[in-house]
Every structure is written in structure tokens, then in C-alpha cells.
Amino acid sequence: GGPPLMSPGDDSAEVRELQARLRQIQWFNTDVTGLYGDVTTEAVEGFQAKREIAVTGYVDRETLDRLLAMTSEPTADELANRLAPSATNAPGALDPRCTTGRVLCADKTSRTLRWVVDGEVRTTLDVRFGVESLPTREGLFSVQSKSRDHVSSLYDSSMPFAMFFSGGQAVHYSPAFVSEGYAGGSHGCINVRDYDGIAALFDQVQVGDRVVVYRS
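About the criteria used
Per chain, the residues get numbers from 1 upward, laid out in the order the sequence is written. Two thresholds apply to this predicted model, a pLDDT of at least 70 for residue-level local features and 80 or more for giving and counting side-chain atom pairs, whereas whole-chain, interface and lining totals are computed over all residues. With hydrogens and water excluded, all non-hydrogen atoms of the structure serve as input to the side-chain values. The helix count covers DSSP runs of H or I at least four residues long, the strand count covers runs of E at least two residues long, and both are numbered beginning at the N terminus. A 1.4 Å probe rolled over the protein chains alone gives each residue an accessible area, and that area as a share of the maximum for its type sets the label: buried under 20%, exposed over 50%, partly exposed in between. Pairs of N or O atoms within 3.5 Å make up the polar contacts considered here, provided that, within protein, one atom can donate a hydrogen while the other can accept it, and that residues adjacent in sequence are counted only when both atoms are side-chain atoms. Working rule for contacts: check all heavy atoms of both residues, and any pair within 4.5 Å makes them a contact. Convention adopted: a line fitted to C-alpha atoms gives each axis, helices being fitted over their contacting stretch, and angles between N-to-C directions are expressed from 0 to 180 degrees. Orientation categories follow fixed angle ranges, with anything under 35 degrees roughly parallel, anything over 145 roughly antiparallel, 65 to 115 roughly perpendicular, and all other angles oblique. Residue polarity follows a fixed list, in which Ala, Val, Leu, Ile, Met, Phe, Trp, Tyr, Cys and Pro are nonpolar, Asp, Glu, Lys and Arg are charged, and the others, Gly among them, are polar. Think of a 1 Å grid over just the protein atoms. A cavity is a set of points where a 1.4 Å probe fits yet cannot get out, a pocket is an open set with protein on both sides within 12 Å along at least five of seven lines, and lining residues have an atom within 4 Å of a point. Grid points are joined across faces, edges and corners, and a volume is the space filled by probe spheres set on the points. For two strands to pair, DSSP has to find at least two bridges joining them. Criterion for a disulfide: a pair of cysteine sulfur atoms at a distance within 2.5 Å.

Q: Lay out the side chain of Lys108 with the relevant residues and their values.
A: By the element assignment, Lys108 lies in the loop between strand E1 (102-107) and strand E2 (112-117). According to the relative accessible area criterion, Lys108 is buried, its value standing at 12%. Within polar-contact distance, the side chain of Lys108 engages the backbone oxygen of Thr136 at 2.6 Å. Not counting residues within four places of it along the chain, the set of residues in contact with Lys108 comprises Phe129, Thr136, Glu138, Val213, Tyr214 and Arg215.

Below, the structure is given as C-alpha cells:
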């Protein structure tokens, strides 16, 4: 690693932003304070180990660059610990194509994704879709490939738990969805904001499972 940019004992706005970014990707699960103490040190060590960066517990350029690529600029609310309650969307009617076999059923109307096996809904997650200029394609697809630690070559953004179903379009975890909610949108992918939910789903879905994108 290079020289430390932030290290234990620091107390600054930069540390507060660091904590907020770590919180976006589930490494920091308490209020942000701006004080670089034991909790922050542990979070940084965990993040470094997962990304195969030298585990130092302080933030060098490489650590910060990786974190910046995976997260979005924290909002004023995030920095003030005013986090939106994760109210879940009420799902609409299931598409008939979702009632048999193994299907990821994505409903644009209710902004939900359901994992349905033989007609039984196993998991329901909030999602957001592509912006108007880059819409998520609608129709019947199948999971073509899976990439647990994916980084977009096109946008250089982190796409953990990516399950590709149509060209570059994938279901994946989105730190930006966590921070900006429905104020933003994707480049066509189906964004999920529940990290644990998509992590568990990723382990259940297999290549070849169907994907239905529709409006209820």
C-alpha cells in the first residue's frame, strides 16, 4: 500500500464520507461519526481483505480508489444518518409466464423482483430499472451468466451478484440505489438495494433459469 490518506485517530469530514461509503456496501453498520476508531479500522481491514488489497486498516490511494468505484457520493441525509426506512414495494400480479419452473419475475409497474419456483414466490426484492433513454428490455429471457464480484467494463462501476439475462443487462446489487433510491435509474440493468437478499438469491439462481420482465 501507499502512504495513508486517512488512518486511526483522524477526525474529519473525509472520514465521515469514508464511513458513509463503507455503509453503502454493508461494511459499516452503525452511525457515521467522522472519527476513525476501531469500528472504522475493522471495516477498512475487512474491505481490503475482500478486495485483495494489503490489509493495513488505514486508507491508502488503492483502497480509496476501489471504494470510490464501488459507491456513490454520499447524500446530505446519509452523512447526517437520516436513512430512508427500507419500506418495501407491494408486488403486482404475477405474469402467467412466471407460474411454472424457475423464474426471476421482474415487474416494472410495482418495481419488484420475485424469485418464483414452481409457482411459489420464494423471495421478493425492491428493484429499479433503466432510465428512459436506456430502458430495461421487456420480455422472456434466461440467465446467461453469473458474476459474483462483477465490475462493469463499460461504466467502471461495481455490479456485485450480477446475473446477466440480455446482453449487458443484469440483475445486480446497486450501491447507488441504496443512496439515491428512485431519484436515479440504471443503464438498463435491474438494480437491487437489499444486499443480503440478493446475496442469498445469487446462490439459488442457476444459469438457464428464466427471466421475465413485464408490467403488471
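Q: I'd like to hear about the packing of helix H2 (residues 38-50) against helix H3 (residues 61-70), residue by residue, with values.
A: At a closest axis distance of 11 Å, the pairing of H2 and H3 adopts a crossing angle of 85 degrees. On the basis of the axis angle, H2 is roughly perpendicular to H3. Where H2 abuts H3, its residues Val44, Phe47 and Gln48 lie against Thr63, Arg66, Leu67 and Met70. Considering only residue class, the contact of H2 with H3 consists of four nonpolar, two polar and one charged.

Q: Pulling in residues and values, what's your account of the layout of surface pockets?
A: When its volume is computed, the second largest pocket comes out at roughly 480 Å³. Tyr155, Ser157, Met159, His172 and His187 are, among the 26 residues lining the second largest pocket, the residues nearest its centre. Contributing elements (two or more residues each) for the lining of the second largest pocket: H3, strand E6 (158-166), strand E7 (169-173) and helix H5 (175-180). A per-class count over the lining of the second largest pocket returns nine nonpolar, 15 polar and two charged.

Q: Talk me through the sheet that holds strand E5 (residues 145-151); I want residue IDs and the actual numbers.
A: Across the sheet, which stays open at both edges, the nine strands sit in the order E4-E9-E1-E2-E3-E8-E7-E6-E5 with mixed pairing between neighbours. A strand with exactly one partner marks an edge of an open sheet, and here the two such strands are strand E4 (139-142) and E5. The mean inter-strand angle of the sheet, taken between neighbouring strand axes irrespective of direction, is 30 degrees. Strands in contact with helix H6 (residues 195-204) are E1, E2, strand E3 (120-128), E5, E6, E7 and strand E8 (190-192); relative to E6, the strand with the most contacts, it is inclined by about 45 degrees.

Q: Could you give an account of the state of the cysteines, naming the residues involved and the relevant values?
A: Applying the stated criterion to the full structure yields one disulfide. Unpaired in this structure, Cys189 has its nearest cysteine sulfur neighbour in Cys105, at a distance of 18 Å. Judged by its relative accessible area of 9%, Cys189 falls in the buried class.

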